[in-house]
Structures are given as structure tokens and as C-alpha cells.
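Summary of structural features
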Amino acid sequence: MSYETLLALCLAIPAGGAALVALCHRWPNLREAVSLASAAALFLVVLSLSDDVLQGARPALRFGEMLPGLAIALELEPLGLLFALIASGLWFVSGVYSIGYMRGNDEAHQTRFFACFALAIAGAVGVALAGNLLTLYLFYEALTLVTYPLVTHHGDAEARRGGRTYLALLLLSSMLFLLPAMAITWWLGGTLDFTPGGILGGKISGGAAAGLLALYAFGIGKAALMPIHRWLPAAMVAPTPVSALLHAVAVVKAGVFSIVKVVVYVFGLDFGAEAFAWLPWVAGFTIVAASIVALRADNLKRRLAYSTVSQLSYVVLAAALLTPLSLVGAVLHIAAHAFGKITLFFAAGAVYTAAHKTEVSQLDGVGRRMPWTFAAFGIGALSMIGLPPAAGFVSKWYMISGALAAEHWMALGVIVASTLLNAGYFLPIVYRAFFKEGNAETHGEAPLSMVAALVTTAALTIVMFFWADLPLALARSLL
Amino acid sequence: MLEQLPALQVVLPLLAAPLIVLVGRGGFGWAAATAVSWACLAVAIGLALRVAEVGVISYALGSWPPPWGIEYRVDALSAFVLVLVSLVAAIAAPYARRSVAAEIERDRHYLFYAMYCLCLAGLLGMVITGDAFNLFVFLEISSLATYVLIALGPQRKALVASFQYLLLGTVGATFYVIGVGLLYLKTGTLNLADMAERLRAVEELRPVLAALAFITVGLGLKLALFPLHAWLPNAYAYSPSMVSAFVAATGTKVSIYALLRYYFTVFDPAPLFETLPTRELFIALSVAAMVIASLVAVFERDVKRLFAYSSVAQVGYITLGLGVDNLDSLTGSIVHLLNHGVTKGAIFLLLGGVALKSGAVSMSIGSLSGLGRRMPLTAFGLVIAGLSLIGIPGTAGFITKWYLIVGAIEFGLWWLVAVIVATSLIAVAYVWRVVEAAYLGEGGEAPAKTGEAPLGMLVPALAMTALCVYFGFDTSFSVGGAREAAELLLRGTR
Amino acid sequence: MTEVAAHYSYWITIFLMVAGMYILIARGNLMKKLIGLATLQTSVYLLYIAPGKLIGGTAPIYAEGFTTYSNPLPHVLILTAIVVGVATLALGLAIVVRIREAYGSIEEDEILERDRAAD
């Protein structure tokens with residue numbers, strides 16, 4: 001099959017899957033099968049492209065011009081491939097998980113849920129495959145809109161409030177900052193295509209360049225740089241599978257992916273460090289401040305949300321250092337964090353489904369009744385902290401090496417400090433769960449599909465530690 | 001036959017009106033109105049294609065040569081607006097059947113359709129004519145017909161709204177005529193192209209200045225330029241649904257066309273604009289419109305008034321492009337004539353379907369509660385059209401925003417870029433009120449009838465909504481036509 | 001001074017224009033607003049016609065021995081404008097009649113009062 005067909009399939013499969021899911025409204029088992037089949041198909045299509053991309057091919061598909069000189073175009077390159085693999089692969093896993101969760105909690109509107117889920121993946125894949133800023137922006141906004149029904153799934157006043165914050169902050173950042181940034185780039189560079197080496201080289205410098213970078217960094221609100229981060233905890237009103245895939249994987253990853261893409265392909269790695277000097281400070285502040293909030297949060301999902309905010313800024317920090325090693329670390333962290341965080345959210349959802357507990361303080365002894373869940377949680381925690389044998393160790397290693405190479409002591413200090421903070425808010429949970437006496441608990445493990453999913457992602461976290469070849473190769477080919 | 005196309009554009013609806021009155025039956029009236037609307041669309045497309053080949057079509061009415069006779073002149077800008085007006089008419093006319101049947105008494109239907117044909121004739125005539133006074137005549141034809149159409153609304157408030165519009169609209173037309181009179185006194189001709197030539201040689205500029213002022217205010221009243229917009233919210237809110245859609249999509253747009261024609265074609269040669277702060281004035285008024293009207297819309301409870309205020313804000317976007325006055329922003333202005341036309345048209349057509357089903361005469365946000373469940377297609381259509389109003393990529397509204405932003409950047413007007421995107425955010429606020437009510441509302445004021453609007457109304461409404469998305473992706477006609485028109489306007493003598 | 005007096009038609013035009021606008025704005029009775037509107041429109045007629053008469057010009061019909069003819073075009077234009085004005089006035093009056101039937105009054109403030117009360 002030609003590249004064009006394969007790329008078109010990457011978008012057609014999740015979109016078509018969404019339509020089929022909606023049609024299978026009356027037959028829940030068929031509907032779930034369609035979801036999973038679409039996920040599997042998408043992953044296989046993306047996987048089939050990976051060899052060629054690793055060897056230097058850049059499959060492309062051009063749809064036609066939306067504006068004179070600006071086309072809707074897809075182009076697959078290593079970073080996009082990584083994101084697409086993560087999104088499609090984890091779609092399948094979280095599909096399995098969602099089935100267990102939605103049925104275990106007897107949630108309403110399941111068809112709408114699974115259909116919007118598929119559309120959200122389509123949006124994420126669109127972002128991954130985007131060949132220019134306009135296409136990226138198109139799918140980025142589509143992702144925001146399509147995830148709104150997922151965030152407000154429960155339809156009550158709380159969901160409405162959370163949905164408002166979610167939408168308001170994401171649209172505010174993208175319309176107020178990202179859109180002008182794109183227009184300025186177009187005016188300066190004459191193109192919005194992602195070009196190795198960047199578009200803006202030599203066209204803007206100094207304070208103006210720093211300003212433009214700020215517009216991008218704050219404009220890509222999905223990367224949750226403070227103060228645009230508030231949408232993430234607000235989105236926790238969503239059911240946990242939504243939080244798991246979208247806010248640990250797809251939506252937030254679209255954010256940091258876009259930032260890395262802008263750094264590498266719009267500014268270019270040789271752009272000049274003065275414009276980037278301020279960004280590590282903002283990212284560093286986000287890392288530490290978010291960790292402190294996480295430390296003090298009792299609601300488990302809230303703690304995980306702020307942990308995500310913090311971990312995303314690792315990627316931004318590493319990318320902002322502009323050294324080859326730190327960039328590899330940033331890309332690896334996109335993958336490592338995805339596997340680790342999704343495990344943590346899966347575990348949180350399992351705890352809610354089986355034990356109906358949402359607060360950390362309620363978790364005493366729960367681990368003994370849900371050993372698999374909390375073992376997986378422990379592995380996810382290790383990845384967040386950055387200890388072997390979890391994937392987070394690999395990415396952190398590269399980030400620290402990059403910080404040393406750049407002699408950026410603040411970045412180094414922030415990474416070290418936040419490692420300790422991560423330990424501070426994750427390890428106690430594991431300790432409480434296994435080693436403290438709980439109240440008389442009568443529940444068991446979560447439904448099988450949920451446990452299967454979280455064990456799989458925990459395993460992936462460990463697998464990535466031992467075998468990081470693919471992500472490493474993709475990251476290195478960016479340089 | 002083909003050479004007579006420019007005349008046919010106006011003659012067809014103009015003859016249909018008395019025919020409908022003579023036959024005196026509502027069914028025939030609707031059929032004739034629809035047939036004429038579709039015929040006008042065909043003629044407009046034919047003219048546009050011809051203009052694409054030859055550049056300018058000049059048609060002498062009655063074979064009297066210009067500048068003594070009245071000339072119909074079609075160039076890139078006129079062709080663009082002709083297609084816009086007739087496209088909206090072609091979609092709104094089939095829609096009218098069920099909508100009008102539900103909102104107006106039976107024995108008045110044929111009068112409604114006759115007025116509609118007159119309004120269409122007036123609007124098309126305004127665009128196609130190349131004679132200043134002829135423009136006034138068509139302006140008044142369309143306006144008088146519009147006053148009647150609005151007054152046919154179901155509530156008694158429609159009468160007051162129509163009267164208010166009559167007063168202000170006639171003042172506007174009168175000011176326009178005063179302006180034309182002063183120009184005639186100075187140049188001795190009424191033909192727009194000829195006037196432009198003669199203005200070049202005029203020495204005494206004060207009458208020309210006065211004419212510019214009168215024409216600006218006159219047309220400004222008609223196009224609801226802030227602060228001359230007071231008639232618009234009531235007129236749109238209380239008129240019958242089909243009229244709201246048709247007038248919102250076309251009425252102000254044609255007056256804006258007239259303003260563009262005067263500023264760039266007629267007044268351009270006169271050495272006026274160097275000393276006048278027209279740019280600053282238009283930018284200031286446009287920004288005021290964009291910000292203030294959007295904010296009012298956020299707090300408005302009646303749904304139709306909410307979108308009426310949104311129209312005032314959107315007209316601000318169009319005049320903003322006029323104020324910034326470079327190729328990109330002017331392209332944005334002209335393309336927004338089309339983009340806003342289909343967006344607002346779609347919204348009002350969809351709301352008409354909701355009104356029909358709910359049976360109520362006025363719609364508050366609360367009455368939209370639970371729309372997502374009762375009328376899923378209509379609600380979805382409202383979301384899409386709402387997104388186009390906000391300017392999300394993939395919809396027509398984004399195209400406009402892009403050009404306005406790029407135009408502002410080109411002149412280094414950074415604060416203006418911020419204003420443009422900030423007002424889009426305010427649009428998010430009022431659009432999302434509607435979306436939230438439709439999907440997250442508790443269904444408090446649930447109406448008697450459930451189910452979608454009848455197909456005769458739903459299909460045109462959704463077709464218009466589909467155009468919002470279509471023009472967001474395929475801009476070959478919209479941007480291509482707009483860019484050509486903008487280039488034509490700017491080429492002038494500047 | 002004679003310059004000013006010679007342009008008396010313009011002065012009358014301005015007076016009518018402003019008077020018409022004032023009546024339109026300042027009076028709350030709908031009928032009176034229409035009267036103001038009609039006055040405003042009349043001023044325009046004068047604005048067009050008065051300059052049409054050229055000094056020393058005769059009626060615009062070919063005649064021996066005359067070289068200057070008054071301009072007939074303003075008359076044509078104003079005939080059209082008068083028709084438009086009449087149509088507007090007729091429509092305005094019709095709406096006023098309907099408003100009277102619906103509201104029982106043609107005073108602007110009373111109408112607004114009744115609308116507010118009904119809400």
C-alpha cells in the first residue's frame with residue numbers, strides 16, 4: 001500500500017471507528033469489539049510505517065490548500081511516529097480498561113464515550129502526523145473540542161464547571177497566543193511547513209524571538225506550563241479512563257509533542273540559546289510548584305494530575321536546554337511518562353471501581369486486597385521518580401546528562417529536587433497500601449479487564465527500561 | 001440571452017413580486033419565490049464566471065449609453081456579493097414554506113412572498129448597479145420590503161422593531177441621498193465610474209468631504225456600524241425566522257458592499273484620505289463594535305437577540321479590515337461577507353426550526369435546554385455554526401480571522417491582533433452558553449413537540465451549516481474571489 | 001452679505017433638515033416622528049432642485065434663441081425620491097395604525113412601558 005493510503009488510513013480508522021461505534025449503539029459487545037478492532041488496526045498501520053521512517057523515509061499526504069500557500073498536509077517523521085505509536089498502542093490497552101470501568105461502574109452514555117474516545121485518538125494521530133503548523137493547529141483544536149464531551153461525561157454541575165475551565169483555558173491559550181504566533185511565523189518565514197533546521201533561523205532574534213517563543217510555549221496550553229495548567233486538575237471530573245488515556249497520554253502528549261516539534265522544526269536546534277534562556281526557569285518553576293501541590297493533595301486523581309503537570313514540564317525543560325542529550329531525554333520522557341502515568345491512573349480507577357475510594361488517606365491496607373493493582377502502581381511510581389527498573393530512569397538519565405552538558409545548574413537542581421518530591425508523594429501511597437492496617441475491607445481486585453490493562457502498561461514501563469531501542473532510535477534521528 | 005444576464009438578475013424577482021400578488025395564493029407565492037431565488041443564483045454564478053473571464057461587464061439599461069443612462073456594472077467584487085446574496089436566498093426560500101406557515105396567518109402568505117421577492121430584487125439591484133441614484137432606489141426598495149417582512153413577525157414587538165428600523169433606515173437613506181446630491185453638484189454625473197474620474201479634477205474639496213461624511217453615516221446606519229446599530233437587535237429578534245436568517249445574512253452585507261464601492265472606487269481619486277483619519281476612525285468604531293457587542297451578547301437572555309448582537313460584532317470585523325486597509329485585511333473583510341453570511345444564516349435557520357417545534361414566540365437560553373436530546377441534528381448544527389462564529393480552524397470563520405490577523409501584523413498593529421483574538425474568546429463565552437444549555441441543560445422548559453424540525457426546514461438549515469465547514473476547507477471561491485476583489489479595490493489609483 | 005442671502009435655498013434646506021431630525025428624535029409620538037421624517041426628506045428635495053435652476057436658464061425644452069437650459073435631471077431624481085418618500089410614509093402610517101391596534105397607544109414611552117409590563 002502506498003504511503004498516502006497508509007497515512008489516510010491512520011486518520012480514517014479512528015474516525016470511521018467512531019462512526020461504527022455510534023451505529024452499534026444497541027449491541028454493546030459488538031460496539032466494544034469495534035472499538036478494540038479499530039485500535040488494533042490503527043496500531044498495526046502505524047507500526048508498519050515505522051521501519052521506513054527509521055530509515056529516513058518521510059511518508060507524506062497532501063489534502064489541498066486551505067488558504068493560499070497553506071495546505072492541510074500530513075508528514076510522518078520520527079517524533080510523530082513515536083507519538084502515534086504511543087497513542088494507538090495505548091488506545092487498545094485503555095479500550096480494554098474502559099470496558100471494565102464503564103461496566104463496573106454502570107456508567108451512562110457509553111456509546112457517546114467510546115465514539116468520542118475514538119475521535120479523540122483521531123485528533124491525537126492528526127497532531128502526530130501533521131506536516132505543518134496549520135494542520136497541527138487544526139487537529140489540536142479538534143482534539144480540544146472532541147474531548148469536551150468526554151470531560152463533561154457525567155453531565156452534572158461539577159462536570160459542567162470542570163468542562164468550562166477545561167475549554168476556557170485551552171481555547172484561551174490557543175486562540176490568544178498560539179494563533180498569533182502562527183501568523184507571525186507565517187509573516188516572517190513565508191511558510192508554516194515543519195522544516196528540519198527550522199523556519200525562523202535568522203529572521204528574528206533577541207527579545208522578539210523570546211516573545212515569539214513565549215507565545216508558542218503558553219499558546220500550546222496542553223503542555224500545562226504554569227499558569228495555563230489549571231485545566232488539567234479541572235479535567236479530573238472526567239471518568240478515569242478519560243483521565244488515563246487523554247490526560248496522561250493523548251491530550252497532554254499532544255501538548256509537549258507540539259512544543260518539541262516547534263523547537264526542533266520551527267525554531268531549529270541551532271536557533272540561538274538567548275531566546276530560550278527564560279523557558280527553563282518557567283518550566284523549572286512549574287515542576288517544583290506542581291510537585292508541592294501534589295504533595296499536599298489528598299484526592300488521588302488530583303495528586304496524579306499535578307504530578308502530570310510537573311512531569312510535562314520535564315519535557316519542556318529538557319527541550320529548552322537545546323542540547324542533543326537533553327533532547328533525547330525529552331523525547332524518551334514523552335514515552336516513559338506515558339506508560340508510567342497511564343498505569344497510575346488505571347490503578348486509581350481500579351481502586352475507585354473496586355473499593356470506591358478516592359482519597360489517599362483512605363488507602364490504608366487496600367494494597368493487600370488489591371495486590372496486582374498496587375504492584376502496578378508501585379512500578380508507575382518508580383517510573384515517575386526515575387528509579388530502575390522503570391522507564392523513567394532512562395529518560396531522567398538523559399535529561400540529567402543534558403543538563404550537565406549545558407552546565408545548567410538550575411535545571412540540574414530542579415530535576416534532583418523534584419525526584420525527591422516525587423518520592424515524597426508517591427512512596428507513602430505504596431507504603432500505606434501494603435504496610436498499614438486498613439479498616440475491615442471486603443472488596444477484592446478490580447474487574448479482570450482493568451487489571452489486565454494496568455498490568456500490561458506496568459510491564460511496558462519495565463520493558464522500556466530494558467529495551468529502549470525504538471524510542472532511542474527515533475529520538476536520535478531527530479538530531 | 002446571455003448579454004441580458006445583468007438585467008435579468010434584477011428583473012426576475014422584480015416581476016415575480018406583482019405576479020405573486022396577482023395570483024394571490026400562498027402556495028404559488030412560495031413556489032414562485034423559490035424558483036426565482038434559484039434562477040437568481042444561476043444568473044449570479046453565470047455572471048461570476050463571465051467576470052472571471054473578461055474582468056468587468058458593463059450593461060447599459062435600455063441601451064442608453066453611460067454615463068447618461070443607468071449602467072449595470074459587474075466586476076470581481078459585485079460578482080462575489082451577487083453570488084452570496086443569491087446563494088442565501090436559494091437556501092432560505094425553500095425553507096420558508098413550513099417556517100412561514102407556522103408564524104404568519106394564512107391569508108398573508110402571498111404578501112410575504114411578494115415582499116421577499118422585492119427585497120431580493122432590491123438587494124441584487126444595489127449590488128449590480130453602477131449608478132449612484134439607482135443605488136438609492138434599490139436601497140429603498142429592499143429596505144421598505146424588509147420593514148414589511150419584519151413587521152410580519154409573530155409578536156407585537158415586531159411592529160415596534162420595524163417602525164424603529166423604518167425611522168433609522170430612512171434617515172440613513174436620506175443621508176446617503178444628500179451625499180449623492182453633493183457629489184452630483186460637484187461632478188455633474190451620477191455614474192459611479194464617471195464620478196470617480198471627475199472627482200480627480202475637483203479643486204474645492206469641502207463639498208466632497210461633506211458628501212463622504214453623509215454617505216458614511218448613511219450607509220453606516222444601514223450596515224449597523226457601531227454606534228448606529230440600535231435598530232438591529234430588535235429587528236433580528238422579532239422578525240419571522242426565515243426573515244432573520246435572510247436579512248442577517250444579506251442586508252448589512254450589501255450596505256457594506258456599497259460602502260466599499262464608495263471608498264475605494266468613487267472617492268479614491270480625490271486627494272482626501274491623506275489628511276483624513278478615516279483609517280483610525282474605522283478601526284476605533286470596529287473595535288468598539290467587536291468588544292462591546294460581543295460583551296452584550298454574553299449577557300443577553302433571548303437567543304435571537306444574542307445572535308443579533310453577535311452580528312453587530314461580526315460587522316465590526318468586516319469594517320476592521322476596511323480600516324486597516326491592506327490587501328490581507330481587505331481580503332479578510334470581503335471573505336467575511338460570505339463567511340458570516342453563511343454562518344449567521346445557518347444559525348437563524350436552525351433556530352427557526354427550534355422555534356417551530358417549541359411553539360413559543362420568544363426563545364430564551366433556558367428554552368434550548370436539552371436540545372441535544374430532542375433535536376440532535378439541529379443542536380449539532382448550532383455547535384458547528386457556533387464554532388464558525390468563534391473561528392475554530394476547519395470552519396469558515398477561521399479563514400476570516402487568519403486574514404485579519406495577518407493583515408494587522410503586516411502593519412505592526414500588535415494590539416489589534418490581541419483585540420481580534422480576545423473578541424473571539426468572548427464569542428466562545430456566548431456560543432458556549434448555547435451549547436451548554438443544549439447538551440448539559442436539565443431540560444427544564446421542555447416543549448410539547450419533540451423530534452427534529454420538518455425536512456423542508458432541516459435540509460436547508462443543515463445545508464447552510466455544511467457550507468460553514470465547506471468554506472473552511474475549500475476556499476478557492478471564497479478567498480480567491482475575495483482576494484481578486486480586494487486587489488481590484490486597492491488597485492484604484494493609490 | 002449678499003453671498004449669504006443669495007444662497008437662501010441652502011439655508012432653508014439646512015433648516016428643514018435639522019428641524020426634521022429634531023422632531024424625529026425629540027418627539028415621542030410616533031405620528032410626529034413620521035412628520036419629522038417627512039420634513040427631513042423634503043429638505044433633500046430642495047437640496048437637489050434649487051441648484052438645478054441655472055441663472056438665466058430657461059425651461060429644458062428646445063427653443064430658438066436660448067443657449068442655457070435649466071437642468072431637468074434633479075427634477076427626475078426628486079420625483080423618484082418623492083415616490084420613495086410617499087411609500088415610506090404610507091408604510092410608516094400603516095405600521096402606526098397596527099401599533100395602535102396592538103398597544104392602544106402611539107406614544108413611544110407608553111409602548112415601552114406596556115412591553116416592559118408584559119415581560
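Residues numbered from 1 in each chain as written. Chains lettered and ligands numbered in written order. Predicted model: local features only at pLDDT ≥ 70, side-chain atom pairs only at ≥ 80, totals over all residues. Heavy atoms only, no water.

**Digging into the interface of chain A and chain B**
Heads up, the rule is: Note on contacts: a residue pair qualifies if any of its non-hydrogen atoms lie within 4.5 Å across the two residues. A simple way to read buried area is as the amount of 1.4 Å-probe accessible surface that goes missing from two parts once joined, with both sides added. We define a salt bridge as a side-chain nitrogen of Lys or Arg found within 4 Å of a carboxyl oxygen belonging to Asp or Glu. We define a polar contact as two N or O atoms separated by no more than 3.5 Å, with the added condition that, inside protein, one atom must be a possible hydrogen donor and the other a possible acceptor, whereas residues neighbouring each other in sequence contribute only through side-chain atom pairs. Only DSSP runs of H or I covering at least 4 residues are called helices, and only runs of E covering at least 2 are called strands; the numbering of each starts at the N terminus. Classification used: nonpolar for Ala, Val, Leu, Ile, Met, Phe, Trp, Tyr, Cys and Pro, charged for Asp, Glu, Lys and Arg, polar for all others including Gly.
Across the contact, 28 residues belong to chain A and 29 residues belong to chain B. In total, about 2600 Å² of surface goes out of reach between chain A and chain B, with carbon and sulfur atoms giving 80% of it. The largest share of the area that chain A buries against chain B comes from Met66(A), Met175(A) and Trp187(A), three residues that together contribute 23% of it. Across the contact surface, chain A and chain B share one salt bridge. Joining chain A to chain B, the criterion identifies three residue pairs in polar contact (both at pLDDT 80 or more). Secondary structure elements with two or more residues in the side of chain A that touches chain B: strand E1 (60–67), helix H5 (133–151) and helix H6 (157–189) of chain A. When residues of the side of chain A that touches chain B are assigned to their parent elements, the largest contribution, 14 residues, is made by H6(A). When the residues that make up the side of chain A that touches chain B are grouped by side-chain class, the tally is 22 nonpolar, two polar and four charged.

**A look at the interface of chain C and chain B**
Interface size is commonly expressed as the accessible area that is lost once the parts come together. Between chain C and chain B, the residue contacts involve 36 residues of the former and 28 residues of the latter. Of all residues in chain C, Tyr48(C), Leu91(C) and Ile95(C) give up the largest surface area on contact with chain B, accounting jointly for 18% of the area buried on that side. Summed over the shared surface of chain C and chain B, the number is one salt bridge. Class assignment of the residues belonging to the side of chain C that touches chain B gives a composition of 26 nonpolar, five polar and five charged.

**Things to note about the environment of Phe139(A)**
Residues and elements named next belong to chain A. Among the secondary structure elements, phenylalanine 139 is positioned in helix H5. Considered as a pair, phenylalanine 139 and alanine 254 are 115 residues apart in the sequence and their alpha carbons are 9.7 Å apart. Discounting chain neighbours no more than four positions away, the residues touching phenylalanine 139 are Leu11, Leu74, Ala122, Gly123, Gly126 and Val127.

**Some remarks on the pattern of salt bridges**
Residue and element names in this part refer to chain A. In plain terms, the rule: For every residue, the accessible area obtained with a 1.4 Å probe (protein chains only) is divided by the maximum for its type, and the residue is called buried under 20%, exposed over 50%, and partly exposed between those limits.
One pass over the full model with this rule turns up 19 salt bridges over all chains. Of the charged contacts in the structure, one is a salt bridge between glutamate 32 and arginine 31, with a shortest N-O distance of 3.0 Å. For glutamate 32, a relative accessible area of 4% translates into the label buried. Look at arginine 31 and you get buried, because its relative accessible area is 5%. Through salt bridges with shared partners, a single network forms among Arg31, Glu32 and Arg103.

**Thoughts on the side chain of Ser244(B)**
Residue and element names in this part refer to chain B. Within the fold, serine 244 resides in helix H10 (residues 241–266). For serine 244, the side chain forms a polar contact with the side chain of lysine 304, separated by 3.2 Å. Apart from the residues within four sequence positions on either side, serine 244 is in contact with Tyr236, Ser239, Lys304 and Phe348.

**A word on the packing of aromatic side chains**
Counted only if it meets this: Centres within 6.5 Å make a pair out of two Phe, Tyr or Trp rings, where for Trp the six-membered ring is used; the pair is then stacked when the planes are under 30 degrees apart, edge-to-face when over 60, and tilted otherwise. Our definition puts a charge over a ring when NZ of Lys or CZ of Arg is within 6 Å of the ring centre and also within 35 degrees of the ring normal.
According to the stated counting rule, one finds 40 aromatic pairs over all chains in the structure shown. Stacked on the ring of Tyr140(A), the Lys or Arg Lys222(A) has its end atom at 3.5 Å from the ring centre. Of note, Arg156(B) hangs over the ring of Tyr103(C), and the distance from its end group to the ring centre comes to 4.0 Å.

**Structural notes on the nonpolar core**
Heads up, the condition is: Only buried residues count toward a nonpolar core, which is a set of Ala, Val, Leu, Ile, Met, Phe, Trp, Tyr and Cys residues joined through side-chain atoms within 4.5 Å.
The biggest cluster of nonpolar side chains holds 431 residues, and the ones touching the most others in it are Tyr176(B), Tyr262(B), Phe267(B), Ile334(B) and Trp402(B). Counting residues per element, this core draws most heavily on helix H9 (residues 240–267) of chain A, at 20 residues. Sequence-distant contacts of Trp402(B), that is, excluding residues within four places in its chain, are made with Leu67(A), Leu70(A), Leu179(A), Met182(A), Ala183(A), Trp186(A) and Leu192(A).

**Thoughts on the pairing of E1(A)**
Residues and elements named next belong to chain A. This is how the line gets drawn: Pairing between two strands requires that DSSP report at least two bridges joining them.
Across six bridges, E1 lies against strand E2 (residues 70–75) in antiparallel orientation. Looking at E2, one finds that leucine 67 is bridged to leucine 70. Connecting E1 to the antiparallel partner E2 that follows it, the hairpin turn spans two residues, and glycine 69 within it adopts a positive phi of roughly 90°.

**Comments concerning a nonpolar patch on the surface**
Residue and element names in this part refer to chain C. The cut-off we apply is this: Two distance rules govern patches: like charges are joined within 9 Å, and nonpolar side chains (Val, Leu, Ile, Met, Phe, Trp, Tyr) within 5 Å, applied only to residues with over 30% relative accessible area and no salt bridge. Computed by Shrake-Rupley with a 1.4 Å probe, the accessible areas treat only the displayed protein chains as cover when residues are assessed.
On the surface, a nonpolar cluster with roughly 610 Å² of combined accessible area is contributed by Val4, Tyr8, Trp11, Ile12, Ile14 and Val18. No other element matches the five residues that helix H2 (residues 8–26) contributes to the nonpolar patch. Looking at the secondary structure, you find isoleucine 14 in helix H2.

**Brief notes about the packing of helix H1 (residues 3–23) of chain A against helix H2 (residues 28–54) of chain A**
Residues and elements named next belong to chain A. Quick note on the threshold: Axis definition: a line fitted to C-alpha atoms, over the contacting stretch in the case of helices. Angles run 0 to 180 degrees between N-to-C directions. Throughout, the term roughly parallel applies to angles under 35 degrees, roughly antiparallel to angles over 145, roughly perpendicular to angles from 65 to 115, and oblique to all others. Crossing handedness is read from the near helix: turned anticlockwise from the far helix by less than a right angle, it gives a left-handed crossing, and turned clockwise, a right-handed one.
Running from amino to carboxyl end, H1 crosses H2 at an angle of 165°, the nearest separation of the two axes being 9 Å. Judged by the angle between their axes, H1 and H2 are roughly antiparallel. Two packed elements cross with a definite hand, and for H1 against H2 that hand is left-handed. Residues Tyr3, Leu6, Leu7, Leu9, Cys10, Ile13, Pro14, Gly17, Leu20 and Val21 of H1 pack against Arg31, Val34, Ser35, Ser38, Ala41, Leu42, Val45, Val46, Ser48, Leu49 and Asp52 of H2. Taken together, the residues of the contact of H1 with H2 break down into 15 nonpolar, four polar and two charged.

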